[in-house]
Amino acid sequence: MIRFDNVCKRYPEGKEALQGISFHLHSGAMAFLTGHSGAGKSTLLKLVALLERSTRGQLFLDGENLSRTPKRRIPYIRRKIGMIFQNYRLLFDRTVFDNVALPLVIAGYRHQDIGRRVRAALDKVGLLDRERAFPIMLSGGEQQRVGIARAVVNKPPLLLADEPTGNLDPELSSDIMQLFEHFNQVGVTVLIASHDLDLISTMPYTQIILQQGRMVRSRAHNSP
Amino acid sequence: MKPAQPLRNYFVRHVQVALNSLGRLYRSPLASLMTAAVIGIALALPSGLYLLTGNLQRLSTQWDGSASFSVFLHKTVSLQQARALQNRLQQWPEIDSLQLITPDQALSEFRELSGFGEALDALDDNPLPFVITIKPARTQADAESAALLLDKLRTFPEVELAQLDLQWVKRFNAIVDIVRRSIWVMAALLGLAVLLITGNTIRLEIQNRRDEIEITKLIGATNGFIRRPFLYSGFWYGIMGAVVAGLLVELAFLQLHSPVRQLAGLYQSGFSLQTLSLTESLALLAAGASLGLLGAWLAVGRHLAGIEPA
């Protein structure tokens, strides 16, 4: 699903954010991306979502070479990716329903399909009864679950999460992780950037460990 | 996975976005109305002036077609002499019809229409002379033969003054023409103002919705999708501005209507002001809508590109 081939990223200010990254995340796999703050976790995710472009090397998403993707194709690539953020990035002037419906509206789904799919997504994250609420009325954990529902509503083959539990207490964090496991079990590829090592170490998934922009280790758990 | 009936869907989505943009304007009525009012005033000025000069031109063409000569006789001329002159002139082929106005007739008419009745009562005798008004034959409508006819009329000893009021009609037309041309310059400048007003309003709207734009870009919105609601906002601002402009012009002309009727009455003319016709109203709407759309387009092109999610 994701393949990095000696990828480097240097920011215009001259900082080498990533150097010589190579790994392959198979379709249907789940992996954690760990490392200290500033190790390059976010940059790596941004390269996959085409928020940044690599300066050297090649990376592939679903067989497509992202180093050569023209600008106008970027939106369509992003529709294959469900993105989840540390600060949730919800629209506070819209209801939970409208927030979750946004990817479907963007992709041009029909009205009837939107209602059905949004409710299915909200049901999966356990927020079916809050569809009329506004995000501000929800707790942090609930807001993140709205974010996850929005990420999965159009059934993307890949989920990218950047510190999804960074603002949550341990109990809520493990709930959220279970949600990701659930989506992985139905075939979605999941890549989660997190420095919550206590939580990650309890889970049997591949860890890609970054240190100052370099991949130091890839620890495999249970991987085929 | 692919949505069915893409074309119909595309149309439905456009209608949805258009209505959403309208709803957004409706939810902040005061701000929207103020923007619409500013655009309206900018559009009302040239359209009002355009209408006014159109009316003036209509007025002057009415005069043009019915150019008539006024022949004022000397005060000493008697009724018999005046009638004799009238009979002689009647034989001329250059003349279509003519009418003798006696001093008494003229005075009573003047008394009736001018409102100086009491002042006229103070006069010892009637100061007005005999006047013969002449309508030239159709063949004499051009300026050259009119001048010839005038010269011929002036040779009579009874005639004190013979004049044709065509010269000032020409001058008047030339002035109206200049004003009309300058309206286009003014319309261009005010059109530019409308562009800037909508552009600036849309720019502020883009800034206010920066988060939303970033988030929608993050989850795969195309530039077209993001641009659309702003373009519709500009479109609606333009339409609303045009409606305001139309109302302002109608109101102003309503104020002028009865004084103009009175003035026209004094000249025994059935002239009345013409306000915006259906075509002109539609043209105003189209102008407003396209200026609003263009202003939004410029603002969106300049400011959306700078917003990229990070």
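Read on for a plain summary of the structure. Quick caveat, the model's predicted, so the values are computed rather than measured. (Residues numbered from 1 in each chain as written. Chains lettered and ligands numbered in written order. Predicted model: local features only at pLDDT ≥ 70, side-chain atom pairs only at ≥ 80, totals over all residues.)

The helix and strand tally for chain B stands at 10 helices and 4 strands. Ordering the α and β elements of chain B from the N terminus gives α-α-β-α-β-α-α-β-α-β-α-α-α-α. By the compact-globule yardstick of 19 Å for 310 residues, chain B is too spread out, its C-alpha radius of gyration being 31 Å. Dimensions of chain B along its principal axes, counting C-alpha atoms only, are 100 × 45 × 30 Å. (Helix = DSSP H or I, 4+ residues; strand = E, 2+ residues; numbered from the N terminus. Rg over C-alpha atoms; globule rule 2.2 N^0.38 Å.)

For the rest of this paragraph, the subject is the sheet that holds strand β1 (residues 2–10) of chain A. The sheet built from 4 strands is open, its strands ordered β2-β1-β4-β5 (chain A) with antiparallel pairing. Whereas interior strands pair on both sides, the edge strands pair on one side only; in this sheet they are β2 (16–25) and β5 (64–65) of chain A. (Pairing = 2+ DSSP bridges.)

Residue and element names in this part refer to chain A. Packing of helix α3 (residues 96–107) against helix α4 (residues 111–124) leaves a shortest axis separation of 9 Å and a crossing angle of 125°. The pairing of α3 with α4 is recorded here as oblique in orientation. In this structure, the crossing between α3 and α4 has a hand that is right-handed. In contact with Phe 97, Val 100, Ala 101, Leu 104 and Val 105 of α3, α4 contributes Ile 114, Arg 117, Val 118, Ala 121 and Leu 122. Taken together, the residues of the contact of α3 with α4 sort by class into 9 nonpolar, no polar and 1 charged. (Axes fitted to C-alpha atoms, helices over the stretch in contact; angles between N-to-C directions. Parallel < 35°, antiparallel > 145°, perpendicular 65-115°, else oblique. Left-handed = near helix turned anticlockwise from the far one by under 90°. Contact = placed C-beta atoms within 7 Å. Nonpolar A, V, L, I, M, F, W, Y, C, P; charged D, E, K, R; others polar.)

In sheet architecture, strand pairing relies on hydrogen bonds along the backbone and comes in two forms, parallel and antiparallel. Residues and elements named next belong to chain B. Read across the sheet, 4 strands follow the order β2-β3-β1-β4 without closing on themselves; strand pairing throughout is antiparallel. With partners counted over all chains shown, the strands left at the sheet margins are β2 (95–101) and β4 (159–164), one partner each. Averaged over neighbouring strand pairs, the angle between their axes works out to 20° when direction is ignored. Bridge count between strand β1 (residues 69–73) and β4: 5 bridges; the pairing is antiparallel. Looking across to β4, one finds that Phe 69 is bridged to Leu 164. Across the face of the sheet, helix α3 (residues 79–90) comes into contact with β1, β2 and β3 (131–136) while running at roughly 170° to β2.

Let us now look at the nonpolar core. Among the nonpolar cores identified, the biggest contains 71 residues, and Leu33(A), Val100(A), Ala149(A), Leu159(A), Leu160(A) and Phe180(A) are the most heavily contacted of them. With 7 residues, α3(A) is the largest single contributor of residues to this core. When sequence neighbours within four positions are dropped, the list of residues in contact with Leu160(A) reads Leu45(A), Val48(A), Ala49(A), Ile81(A), Met83(A) and Leu191(A). By size, the runner-up hydrophobic cluster in this structure holds 32 residues, among which are Leu190(B), Phe235(B), Ala245(B) and Leu293(B). (Core = buried A, V, L, I, M, F, W, Y, C linked by C-beta atoms within 7 Å. Buried ≥ 20, exposed ≤ 12 C-beta atoms within 10 Å, placed from the backbone.)

By themselves, these figures tell us nothing about what the structure is for.
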